Amino acid sequence: VLQEQCCSSLHGLHLPLPLSQLGKMTLQAIKWQDNQLYVLDQLLLPLESQYINVRDVKDGWQVISKMQVRGAPAIAIVGCLSLAVELINTSFEDKDELLDTINKKLDYLVTARPTAVNLQKAAEELKAISKKLYEDNLSVEDMVKLVSSWCQKMLDDDINTNKKIGWFGAESILKSAGGRNVQLLTHCNTGSLATAGYGTALGVIRSIHEQGRLAQAYCTETRPYNQGARLTAYELVFEKMPATLICDSMAAALMNCRKIDAVLVGADRVIRNGDTANKIGTYQLAVTAKCHKVPFYVCAPTTSIDLNLGEGKDIPIEERPCEEMTDIAGIRIASPGISCWNPAFDVTPAELITGGIVTELGVFKPSELHTILQAQ
């Protein structure tokens, strides 16, 4: 059945692999088996499916930094599970050594990619949990077991969270559309490959498709790493959704000549006033959507919300190597000698998030976030 599902071409999208290979691939970006961690190398998709065995925190840092795993929820999960693997396979003299190791390893992990806040928040929570376990009357072995169990639970928790995001987002969009089927635009990759499963913004699209109400999903290519063309397009084909790929520069023309019911994006960090950091190109989509009166939604778990920062200008923006712009698959496409500016993210002001911020708690105006979360 899976092979049959994957082998149907969809309007506007070409299959990323030969038919004989497509059905053999998986959308499971993170695998935890027998206390071992495997991460799908997303730099090779959609042409090759290969898992990396993450054996310790150093490996975890590398796959996050190199963007072999990406997406704010997935980064947090892989970071914590890489710590769990290392703890399980390390001998500690006492709980002092164990606690010190946990704290130092978590501090190291959060340096891999600074903009996404999920890993930082997970690290802070895990430090607090580890300290409490340290103070309890537990053996070193029990402490390792409980810390690693907490990390493993992140997988199930994330999927449950994503499904709630999908339901709330779908409800809001379909209510606005009345009885019409909807056409949606998304940017970057926010699906199963960016999370433990199901997805955030792409999870909303998936939920609408499951209800038989998706007329067309448009995805941008998302330069310079083409997460939309390589990953989102692959997921849309895999799930047999009606889908069309566009260049990043086509979004304004698309909104001008076709009825787009909503733009849906993810978020790597949402701060107290509702300003949002997401993949570069998100800001210009929000501006364009406002001009064309298209509702603009940010879809993110509450773990992506950072109430410690007040304004978008305070969000640290990661800058990536120039080669990500100048080269594709190791082939130079830009003129030698040209300088580059390659921020991985931009900041969308709260006033441009006209549809709302979709969380596992519901859909809220950016100005409501602080009050809602304080009440939890």
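Looking at an unreviewed UniProt entry, the protein carries the name Methylthioribose-1-phosphate isomerase, with the source organism given as Cherax quadricarinatus. In its Sequence similarities (unreviewed entry) section, the UniProt entry covering the protein states "Belongs to the eIF-2B alpha/beta/delta subunits family."

Caption draft 1: Quick look at the sheet that holds strand β8 (residues 269-271). The four strands lie next to each other as β11-β8-β9-β14, forming an open sheet whose pairing is mixed. Here the strands that pair on one side only, and so sit at the sheet edges, are β11 (305-306) and β14 (345-348). Relative to the sheet, helix α11 (residues 282-291) contacts β9 (276-279) and β14, its axis offset from that of β14 by approximately 35 degrees.

Caption draft 2: Main features of the packing of aromatic side chains. Following the criterion strictly, the structure yields three aromatic pairs and no others. Geometrically, the ring pair formed by Trp61 and Tyr108 is stacked, given 5.6 Å between the ring centres and 15 degrees between the ring planes. Taken as a pair, Trp61 in helix α3 (residues 57-65) and Tyr108 in helix α5 (residues 95-109) lie far apart in primary sequence, 47 residues in all. Plain terms: the ring middles of Trp167 and Phe168 are 5.3 Å apart, the flat faces sit at 80 degrees to each other, and that makes the pair edge-to-face. Judged by its relative accessible area of 47%, Trp167 is partly exposed. The ring centre of Tyr134 lies 5.7 Å from the NZ or CZ of Lys95, which sits over that ring. Its end group placed over the ring of Tyr198, Arg206 keeps NZ or CZ at 5.4 Å from the ring centre.

Caption draft 3: Looking closely at the side chain of Asp306. Topologically, Asp306 is positioned in strand β11. Residues in contact with Asp306, not counting those within four places in the same chain, are Val117, Arg269, Val270, Ile271 and Arg272.

Caption draft 4: Local environment of the side chain of Ser192. Relative to the elements of secondary structure, Ser192 occurs in the loop between β4 (182-186) and α8 (201-210). Look at Ser192 and you get buried, because its relative accessible area is 9%. A distance of 3.2 Å separates a polar atom in the side chain of Ser192 from the backbone nitrogen of Tyr198. In this structure, Ser192 is in contact with Leu27, Ala29, Gly197, Tyr198, Gly199, Arg206 and Glu235, ignoring residues within four places of it in sequence.

Caption draft 5: Local environment of the confidence of the model for the protein. Confidence along the protein averages 91 in pLDDT terms, with 93% of residues attaining 70 or more. Predicted confidence is poor over residues 1-26, with pLDDT under 50, and the contacts of this stretch with residues over four places away or in other chains come to 59 contacts.

Caption draft 6: How the structure looks around the pattern of salt bridges. Applying the stated criterion across every chain yields a total of 16 salt bridges. Between Lys127 and Asp107 there is a salt bridge whose closest N-O contact spans 2.4 Å. Of this pair, Lys127 sits in helix α6 (residues 118-135) while Asp107 sits in helix α5; the two residues are 20 residues apart in sequence, bridging distant segments of the chain. Overall, Lys127 belongs to the partly exposed group, its relative accessible area being 25%. As a salt-bridge pair, Asp327 and Arg332 come within 4.0 Å of each other at their nearest N and O atoms. With relative accessibility at 22%, the residue Asp327 sits in the partly exposed group. Look at Arg332 and you get partly exposed, because its relative accessible area is 38%. Via salt bridges that share partners, Arg113, Glu318, Arg320 and Glu324 belong to a single interconnected network.

Caption draft 7: Representation of the sheet that holds strand β6 (residues 243-246). Taken in spatial order, the seven strands of this open sheet run β6-β5-β4-β7-β10-β15-β16, and their pairing is mixed. The open sheet has two free edges, formed respectively by β6 and β16 (362-364), since each of these has just one partner strand. Taken pair by pair, the neighbouring strands of this sheet meet at an average axis angle of 25 degrees, ignoring direction. Sheet topology note: the β4/strand β5 (residues 214-220) ladder contains five bridges and is parallel. Residue Leu185 lies in a different strand from β5, and its bridge partner there is Tyr218. Contacts between helix α7 (residues 140-177) and the sheet are confined to β4, β7 (262-265), β10 (296-299), β15 (356-359) and β16, with β15 contributing the most and set at about 140 degrees to the helix. On the sheet, α8 packs against β4, β5, β7 and β10 and is oriented at approximately 160 degrees with respect to β4.

Caption draft 8: Highlighting the environment of Ile280. Counting through the fold element by element, Ile280 comes out in the loop between β9 and α11. In this structure Ile280 comes out as partly exposed when scored by relative accessible area, which is 21%. Separated by 63 residues in the primary sequence, Ile280 and Pro343 place their C-alpha atoms 6.9 Å from one another. Those residues in contact with Ile280 that lie beyond four places of it in its chain are His187, Arg223, Pro224, Pro343, Ala344, Phe345 and Asp346.

Caption draft 9: Spotlight on a nonpolar patch on the surface. A contiguous nonpolar surface patch, about 280 Å² in accessible area, is contributed by Ile328, Ile331 and Ile333. Structurally, Ile333 can be placed in the loop between β13 (331-332) and β14.

Caption draft 10: Spatial organisation of the nonpolar core. Counting 51 residues, the largest nonpolar core has Ile30 and Leu37 as the members making the most contacts within it. The residues contacting Leu37, other than those within four sequence positions of it, are Ile30, Lys31, Trp32, Ile52, Asn53, Val54, Val78, Leu81, Ser82 and Val85. Counting residues in each nonpolar core, the second largest holds 25 residues, with Ala300, Ile305, Leu352 and Leu369 among its members.

Caption draft 11: How the structure looks around the packing of helix α4 (residues 72-88) against α5. Axis separation between α4 and α5 bottoms out at 10 Å; the angle between their running directions is 145 degrees. The chirality of how α4 crosses α5 is right-handed. Contact with α4, carried on its side by Gly79, Ser82, Leu83, Glu86 and Leu87, involves Leu98, Thr101, Ile102, Lys105, Leu106 and Leu109 of α5 and no other residues of that element. Within the contact of α4 with α5, the residues separate by chemical class into six nonpolar, three polar and two charged.

Reading the values: the criteria
- Residues numbered from 1 in each chain as written.
- Predicted model: local features only at pLDDT ≥ 70, side-chain atom pairs only at ≥ 80, totals over all residues.
- Heavy atoms only, no water.
- UniProt positions renumbered as here; feature names shortened; annotations may be inferred.
- Pairing = 2+ DSSP bridges.
- Helix = DSSP H or I, 4+ residues; strand = E, 2+ residues; numbered from the N terminus.
- Contact = heavy atoms within 4.5 Å.
- Axes fitted to C-alpha atoms, helices over the stretch in contact; angles between N-to-C directions.
- Phe/Tyr/Trp six-rings, centres within 6.5 Å; stacked < 30°, edge-to-face > 60°.
- Buried < 20%, exposed > 50% of the residue type's maximum accessible area, 1.4 Å probe, protein only.
- Lys NZ or Arg CZ within 6 Å of the ring centre and 35° of its normal.
- Polar contact = N/O pair within 3.5 Å; in protein donor to acceptor, adjacent residues only side chain to side chain.
- pLDDT = per-residue confidence, 0-100.
- Salt bridge = Lys/Arg side-chain N within 4 Å of Asp/Glu carboxyl O.
- Patch = residues over 30% accessible without salt bridge, like charges linked within 9 Å, V, L, I, M, F, W, Y side chains within 5 Å.
- Areas by Shrake-Rupley, 256 points an atom, 1.4 Å probe, with all protein chains shown as cover.
- Core = buried A, V, L, I, M, F, W, Y, C linked by side-chain atoms within 4.5 Å.
- Left-handed = near helix turned anticlockwise from the far one by under 90°.
- Nonpolar A, V, L, I, M, F, W, Y, C, P; charged D, E, K, R; others polar.

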